[in-house]
Amino acid sequence: NAGVMQNPRHLVRRRGQEARLRCSPMKGHSHVYWYRQLPEEGLKFMVYLQKENIIDESGMPKERFSAEFPKEGPSILRIQQVVRGDSAAYFCASSPSAGGWDEQFFGPGTRLTVL
Amino acid sequence: SQELEQSPQSLIVQEGKNLTINCTSSKTLYGLYWYKQKYGEGLIFLMMLQKGGEEKSHEKITAKLDEKKQQSSLHITASQPSHAGIYLCGADVQAGTALIFGKGTTLSVSS
């Protein structure tokens, strides 16, 4: 059973470009969580999705950021018109049910660098 | 201010020595979770604590929860190079919402 997959592992973008980060949850997991880890800061929750639904996006910046988890395919975190401050490691985690933090498995992360 | 404070920020210990990492919450804890992160990798779940006074051990790592103090400690006995990494505590401070995390403690073990 493969773990949580994220790609790309490293992404370099110039200011103003778009970044698309993908997360494939573990088999059988229908809950996905995105976190951002800024340099020198802790992990911050961004958004929680269940198949085709956004459940909690309280940690998501209001502009330029969006997330989806379609019926088929991976979850996508999309950042439009990236700025230098978006440079960070973005992690996704999946779980088979809501909450269940001890069942939440993390992916290896995507490290975004904005030039 | 940070809702979840971890101390120390970084730690260098000699192989074989014991060490303790602390995690203090400014809010009531519904659950406290310890993770380990290696550079370039995701978080690995270590332990979950939910009840005051609860203590769990796995191999040489022991975690305790002091509910009254809203604090947890992670203790490593006879540290080894394989223990090196970043230790993160995550807290469930409001049932049903996402975890909040501390900034992490970077542990280096010298041989």
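Just above, that's the structure.
Think of each chain on its own: its residues are numbered from 1, step by step along the sequence as written. All chains are assigned letters beginning with A, and all ligands numbers beginning with 1, in the order in which they are written. Two thresholds apply to this predicted model, a pLDDT of at least 70 for residue-level local features and 80 or more for giving and counting side-chain atom pairs, whereas whole-chain, interface and lining totals are computed over all residues. Based on all heavy atoms of the structure, the side-chain values leave hydrogens and waters out of the count.

Caption draft 1: Broad picture of the state of the cysteines. Residues and elements named next belong to chain A. Put simply, a disulfide is two cysteine sulfurs that come within 2.5 Å. For the structure shown, the criterion picks out two disulfides over all chains. A sulfur-sulfur distance of 1.8 Å marks the disulfide that ties Cys23 to Cys92. The sign of the S-S torsion, about 70°, decides the handedness of the disulfide formed by Cys23 and Cys92: right-handed. Residue Cys23 is found in strand E3 (residues 19-24), and its partner Cys92 is found in strand E9 (residues 88-95); the two are separated by 69 residues along the sequence. Using a 1.4 Å probe on the protein chains alone, a residue whose accessible area is under 20% of its type maximum counts as buried, one over 50% counts as exposed, and one in between counts as partly exposed. Note on Cys23: relative accessible area 0%, which makes it buried. Assessed through its relative accessible area of 0%, Cys92 is described here as buried. Numbering of helices and strands runs from the N terminus, with a helix taken as a DSSP run of H or I at least four residues long and a strand as a DSSP run of E at least two residues long.

Caption draft 2: Examining the interface of chain B and chain A more closely. In what follows, residue pairs with any heavy atoms lying within 4.5 Å of each other are defined as contacts. Across the contact, 19 residues belong to chain B and 16 residues belong to chain A. We define a salt bridge as a side-chain nitrogen of Lys or Arg found within 4 Å of a carboxyl oxygen belonging to Asp or Glu. Inspection of the region where chain B meets chain A yields zero salt bridges. What qualifies as a polar contact is a pair of N or O atoms within 3.5 Å, subject to a donor-acceptor requirement within protein and to the restriction that residues adjacent in sequence count only when both atoms come from side chains. Applying the counting rule to chain B against chain A returns one residue pair in polar contact (both at pLDDT 80 or more). Mapped by element, the contributors of at least two residues to the side of chain B that touches chain A are strand E4 (31-37), strand E5 (43-49) and strand E9 (85-92) of chain B. Charged means Asp, Glu, Lys or Arg here, nonpolar means Ala, Val, Leu, Ile, Met, Phe, Trp, Tyr, Cys or Pro, and polar covers whatever is left, Gly included. Considering only residue class, the side of chain B that touches chain A consists of ten nonpolar, six polar and three charged.

Caption draft 3: Representation of the pattern of salt bridges in the model. Following the criterion strictly, the structure yields five salt bridges over all chains and no others. With a closest N to O distance of 2.9 Å, B:Glu3 and B:Lys27 form a salt bridge. Here the residue B:Glu3 occupies a position in the segment before strand E1 (4-7), and B:Lys27 occupies one in the loop between strand E3 (19-25) and E4, the gap between them amounting to 24 residues. Taking relative accessible area as the criterion, B:Glu3 reaches 29% and is therefore assigned partly exposed. A salt bridge links B:Glu54 to B:Lys56, with the shortest nitrogen-to-oxygen separation between them at 3.7 Å. Overall, the relative accessible area of 30% leaves B:Lys56 in the partly exposed class. Among the charged side chains, a salt-bridge network with shared partners connects A:Glu18, A:Arg20 and A:Arg78.

Caption draft 4: Quick peek at the packing of aromatic side chains. Pairs were defined over the aromatic rings of Phe, Tyr and Trp, the Trp ring being its six-membered one, requiring ring centres within 6.5 Å. Orientation was assigned from the angle between planes: stacked under 30 degrees, edge-to-face over 60, tilted for the rest. One pass over the full model with this rule turns up seven aromatic pairs over all chains. Relative to A:Phe45, the ring of A:Tyr35 lies with its centre 6.1 Å away and its plane at 70°, an arrangement referred to as edge-to-face. Pair noted here: A:Tyr35 is in strand E4 (residues 31-37) and A:Phe45 is in strand E5 (residues 43-50), with a separation of ten residues, a long-range link. Here A:Tyr35 and A:Phe45 have matching classes, each one buried. Seen in terms of ring centroids, B:Tyr35 and B:Phe101 are 5.7 Å apart; in terms of plane orientation they differ by 50°. Their pairing is tilted. Taken together, the residues B:Tyr35 in strand E4 and B:Phe101 in strand E10 (residues 100-101) connect sequence positions 66 residues apart. Accessibility expressed as a relative area gives 3% for B:Phe101, which makes it buried. Following the ring pairs from residue to residue traces out a cluster consisting of A:Tyr35, A:Phe45, A:Phe106, B:Tyr35, B:Phe45 and B:Phe101.

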